[in-house]
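Take a look at the letters that make up each chain.
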Amino acid sequence: MGARIIGTGSYLPEKTVTNEDLTRIVETSDEWIVKRTGIRTRHLLERDEAPADMGVAAGKAALRAAGLSPEDVDLLVVATNFPDMICPGSAPFVSSGLGLDERPFFYLKAGCSGFVYGLAVAGGLIDAGLYRHVLVVGMEALSRVTDWDDRKTCVLFGDGAGAALLGPGGDGEGILGSSIRGDAGKAMLLHLPAGGTRTPASHETVDAGGHYLKMEGSGVYRSAVPMMETATREALAAASLTLSDVDWLIPHQANIRIIESLVRRLKFDPNRVVVNLDRVANTSTASIPIALDEALRDGRITSGEVVVLTAFGAGATYGAVVVRI
Ligand code: ACO
């Protein structure tokens, strides 16, 4: 039994922050940000909004799109890197917000590749006959771990959530192939040094800014393209397909230059690439499900088309999933 996507949803916080707004916080310019990243604006949570609220909104939209109710969900997987609380994570809050009662849930942390990992894992669980309907939510509140004095990172990120409900599919439907990979040697390219069990939070760690995300931007940049290229080719091989069979490519929305370089290396048609980072910036684990949901809702991606979702992120993790919609 295969697994197919039967409904998607997404949520972006109401508040938007433009590049121009950021020039009032750090020394930067709209021109620099657009030229180096392609980002123009991003959505950010207000102080009184909880990250899990975004996951709940995206999950509800996915259930509506599938025409199913919370009782139909057998398992919830919440992919996020910065949960509402280190313990118990975000999944129980998303579960209760969705009214999933005593359904099992877990939280999956795999950098910005979390949603791609989540689809591969959920697809495998359905394929094995363990669950019928699995809701995979990708949500991220990067604004809560961003150093708003660091212009090298604060211009890059946005908040948001996306979700996909998976259910049983027939032959040649749904998830056709996947490749998930890791490169632990690159773990420190993107990390948050304090607040975990290795370096618990203390006055000293807070004074040193250890609770903010640190990124070695050029190292991430150099790794991202070969990682997504490898994963895309491997996932297509697993699906016994080639790039000429692919209708749409949805890469992780981190930087337009990374996406353009990937598309050149794959010799893929740039008009068949879903890009929304100009409006939403890098929403980490949420980036792919938000882009997928938008492209389905506006009718760009239609039933029967083959889509490749590919991501890279902290860990370092990377991966790709090939799906027939
Ligand atoms: N505004 C103006 N100038 C800036 C800014 C800014 N916001 N940020 C950096 N600069 C300056 C730097 O200080 C540097 O100045 P210097 O030469 O005087 O030292 C100069 O611009 C060039 O900086 P670089 O870091 O070399 O710029 P680069 O072209 O590499 O672009 C960027 C930086 C956009 C971060 C790029 O490296 C990148 O996109 N990397 C990948 C990031 C990424 O994908 N991260 C997320 C992956 S994981 C996840 O999604 C959570």
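Residues numbered from 1 in each chain as written. Predicted model: local features only at pLDDT ≥ 70, side-chain atom pairs only at ≥ 80, totals over all residues. Heavy atoms only, no water.

Visitor: In this structure, what is going on with the sheet that holds strand E1 (residues 2–11)? I would like to understand it.
Guide: Pairing is mixed in the open sheet, where five strands are placed in the order E1-E7-E6-E4-E5. Each having just a single partner strand, E1 and strand E5 (105–108) make up the two edges of the open sheet. Neighbour to neighbour, the strand axes of the sheet diverge by 20 degrees on average, direction disregarded. Where strand E4 (residues 75–79) and strand E6 (residues 134–141) come together, five bridges link them in parallel fashion. Within E6, the position partnered with Ala79 by the bridge is Gly138. (Pairing = 2+ DSSP bridges. Helix = DSSP H or I, 4+ residues; strand = E, 2+ residues; numbered from the N terminus. Axes fitted to C-alpha atoms, helices over the stretch in contact; angles between N-to-C directions.)

Visitor: Whenever I open this one, helix H3 (residues 51–66) confuses me. Can you help?
Guide: An α-helix turns once every 3.6 residues. As a result, residues three or four positions apart point the same way. Along its 16 residues, H3 runs 23 Å from first to last C-alpha, staying within 8% of the 22 Å computed at 1.5 Å per residue. Looking at H3, one finds that the buried residues are Pro51, Ala52, Met54, Gly55, Val56, Ala58, Gly59, Ala61, Ala62 and Leu63. If you follow the buried residues of H3, they end up packed against E1, helix H4 (91–98), E6, strand E7 (159–169) and helix H11 (287–297). Just beyond H3, the residue with positive phi is Gly67, at close to 70 degrees. (Expected span 1.5 Å × (residues − 1). Buried < 20%, exposed > 50% of the residue type's maximum accessible area, 1.4 Å probe, protein only. Contact = heavy atoms within 4.5 Å.)

Visitor: Help me understand the environment of Glu49 in this model?
Guide: Tracing the backbone shows Glu49 in the loop between strand E3 (41–43) and H3. Placed 36 residues apart in sequence, Glu49 and Pro13 show a C-alpha to C-alpha distance of 8.8 Å. Setting aside residues no more than four positions away along its own chain, Glu49 makes contact with Tyr11, Pro13, Leu44 and Arg144. A distance of 2.6 Å separates the side chain of Glu49 from the backbone nitrogen of Glu46, its partner in a polar contact. (Polar contact = N/O pair within 3.5 Å; in protein donor to acceptor, adjacent residues only side chain to side chain.)

Visitor: What is the right way to read the site of the ligand from this model?
Guide: Near the ligand you find 23 residues, and of these Thr28, Arg36, Cys112, Asn255 and Asn282 are the closest. One nitrogen or oxygen atom from the side chain of Trp32 is found 3.4 Å from an oxygen atom belonging to the ligand. In this structure, an oxygen atom belonging to the ligand sits 3.0 Å away from a side-chain N or O atom of His252. By residue number, the principal contributor to the shell around the ligand is helix H8 (residues 217–238), which donates four residues. Counting only domains with at least three residues in the shell around the ligand, you end up with domain 1 (2–172) and domain 2 (175–324). (Near = heavy atom within 4 Å. Domains from an automatic or database assignment.)

Visitor: Sorry if this is basic, but what is going on with the pairing of E7 here?
Guide: With respect to burial, E7 is a largely interior element, 11 of its 11 residues being buried. When E1 meets E7, the two strands line up antiparallel, connected through nine bridges. Within E7, the position partnered with Ala3 by the bridge is Pro168. The pairing of E6 with E7 spans eight bridges and is antiparallel. Directly across from Val134, in E7, lies its bridge partner Leu166.

Visitor: I keep staring at the domain arrangement of the protein and nothing clicks. Help me out?
Guide: How large an interface is tends to be reported as the accessible area lost when its parts come together. Domain parsing of the protein yields domain 1 (2–172) and domain 2 (175–324). Centre-to-centre separation of domain 1 and domain 2, based on C-alpha positions: 13 Å. Across the contact, 53 residues belong to domain 1 and 47 residues belong to domain 2. Taken together, both faces of the contact between domain 1 and domain 2 bury some 3800 Å²; the carbon and sulfur share is 65%. Looking at the side of domain 1 facing domain 2, the largest losses of area belong to Cys112, Val116 and Tyr117, adding up to 17% of the total buried there. Seen at the junction of domain 1 and domain 2, the total is zero salt bridges. When contributions to the side of domain 1 that touches domain 2 are tallied by element, the ones reaching two or more residues are E1, helix H2 (30–37), E3, H3, helix H5 (114–127), E6, helix H6 (151–154) and E7. Take the side of domain 1 that touches domain 2: its biggest share by element is seven residues, from H5. Residues of the side of domain 1 that touches domain 2, tallied by class, amount to 25 nonpolar, 20 polar and eight charged. (Buried area = accessible area lost by both parts, 1.4 Å probe. Salt bridge = Lys/Arg side-chain N within 4 Å of Asp/Glu carboxyl O. Nonpolar A, V, L, I, M, F, W, Y, C, P; charged D, E, K, R; others polar.)

Visitor: Whenever I open this one, the pattern of salt bridges confuses me. Can you help?
Guide: Side chains carrying opposite charge are able to pair once their charged atoms draw close together. Per the stated rule, a full pass over the model turns up 11 salt bridges. Taking the shortest distance from any N to any O, the salt bridge between Asp293 and Arg297 comes out at 2.7 Å. Note that Asp293 and Arg297 are positioned in helix H11 at a spacing of four residues, about one turn of the helix. Classification of Asp293 as buried rests on a relative accessible area of 2%. Using a relative accessible area of 52% as the deciding quantity, one classes Arg297 as exposed. Connected via shared salt-bridge partners are Glu229, Arg233 and Arg265.

Visitor: What is the right way to read the side chain of His133 from this model?
Guide: When you line up the elements, His133 lands in the loop between H5 and E6. A residue is classified by how much of its surface remains accessible, and His133, at 12% relative accessible area, is buried. A polar contact is formed between the side chain of His133 and the backbone oxygen of Asp72, at a distance of 3.1 Å. Residues within four places of His133 in sequence aside, it is in contact with Ile6, Leu68, Asp72, Val73, Asp74, Leu75, Leu165, Leu166, Gly167 and Pro168.

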